[in-house]
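Close look at the chain arrangement
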Amino acid sequence: MTSQPRVRAPKPNQHDRAHRQAAVEALIRRALLGMLTIPEAALLAEYWRAEQRLAEKTRRSLADTTRALQRHREAADAEIRRLEARIEELTANHDDQEQAAWPCP
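If you're wondering where the values come from, they're calculated on a predicted model, not measured in any experiment. Every chain is numbered on its own, with residues counted from 1 as its sequence reads. Under the rules for a predicted model, residues below a pLDDT of 70 receive no local features and side-chain atom pairs below 80 are neither given nor counted, while totals for whole chains, interfaces and linings still include all residues. To obtain the side-chain values, all non-hydrogen atoms of the structure were included, while hydrogens and water were left out.

1. What to know about the overall build of the protein chain
In plain terms, the rule: By definition, any uninterrupted DSSP run of H or I lasting at least four residues is a helix, any uninterrupted run of E lasting at least two residues is a strand, and each is numbered from the N terminus. Here the globule rule reads 2.2 Å times residues to the power 0.38, and the radius of gyration is calculated from C-alpha atoms. We get accessible surface area from the Shrake-Rupley algorithm with a probe of 1.4 Å; when it comes to residues, only the shown protein chains can shield them. None of His or the chain ends enter the tally, which takes Lys and Arg as positive and Asp and Glu as negative. Throughout, a charge is located at the NZ atom of Lys, the CZ atom of Arg, the CG atom of Asp or the CD atom of Glu.
A tally of helices and strands in the protein chain yields 2 helices and 0 strands. A globule of 105 residues ought to have a C-alpha radius of gyration of about 13 Å, yet the protein chain, at 31 Å, is considerably larger. Overall size of the protein chain, expressed as C-alpha extent along the three principal axes, is 105 × 45 × 20 Å. In the form shown here, the protein chain has an accessible surface area of approximately 9700 Å², with 59% of it arising from carbon and sulfur atoms. Positive and negative side-chain charges of the protein chain, numbering 18 and 16 respectively, have mean locations separated by a distance of 15 Å.

Dropping the structure here:
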């Protein structure tokens, strides 16, 4: 039996964004035909501003995520270096102990 892919309902913000994009496309078509009314122009401007606010919020969020990932990478690299140094230290101590345990002829 093959499973059908699950189709999820769009989230409210996805629905709102799709609605704004469709409205913007329709309003731009009307503007290009020279048929855009003043209230429609105001609506187009408001939708454009909403998209700009969303884009700026997304850019800030991505920048914050990028900075956090960089901090985590740096911390992980530092921990790896610390652990590698500890392994070298333990290996050297182990080798010294093995040599001390074997009697020399």
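2. Some remarks on the pattern of salt bridges
Put simply, the rule is: Salt bridges are defined as contacts in which a side-chain nitrogen from Lys or Arg sits within 4 Å of a carboxyl oxygen from Asp or Glu. In this scheme, a residue with accessible area under 20% of its type's maximum is buried, one over 50% is exposed, and one in between is partly exposed, where area comes from a 1.4 Å probe on protein chains only.
Enumeration according to the criterion identifies 9 salt bridges in this entry. Between Asp64 and Arg67 there is a salt bridge whose closest N-O contact spans 2.3 Å. Placement of both Asp64 and Arg67 in helix α2 (residues 38-101) is noted, with a separation of 3 residues, approximately one turn of the helix. Taking the shortest distance from any N to any O, the salt bridge between Glu89 and Arg86 comes out at 2.6 Å. One end of the pair, Glu89, and the other, Arg86, are both in helix α2, 3 residues apart, so they sit about a helical turn from each other. Of the residues examined, Arg86 reaches a relative accessible area of 36% and is grouped as partly exposed. If you follow the salt bridges from partner to partner, you end up with Arg17, Arg20 and Glu51 in one network.

3. Things to note about the environment of Glu40
Note the cut-off: Polar contact criterion, stated in full: a pair of N or O atoms within 3.5 Å, where within protein one must be able to donate a hydrogen and the other to accept it, and residues adjacent in sequence count only if both atoms are side-chain atoms.
Structurally, the position occupied by Glu40 is in helix α2. The spacing of Glu40 and Leu62 is 22 residues in sequence and 33 Å in space, taken between C-alpha atoms. A distance of 3.0 Å separates the side chain of Glu40 from the side chain of Arg30, its partner in a polar contact.

4. Regarding the nonpolar core
What tends to happen in soluble globular proteins is that the nonpolar side chains get buried as a cluster. Convention followed: Only buried residues count toward a nonpolar core, which is a set of Ala, Val, Leu, Ile, Met, Phe, Trp, Tyr and Cys residues joined through side-chain atoms within 4.5 Å. Any two residues whose heavy atoms approach within 4.5 Å at even a single point are treated as in contact.
Formed by Ala23, Val24, Leu27, Leu44 and Tyr47, the largest nonpolar core amounts to 5 residues. Secondary structure elements with two or more residues in this core: α1 (12-32) and α2. Contacts of Tyr47, omitting those with residues within four sequence positions, involve His19, Arg20, Ala23 and Val24.

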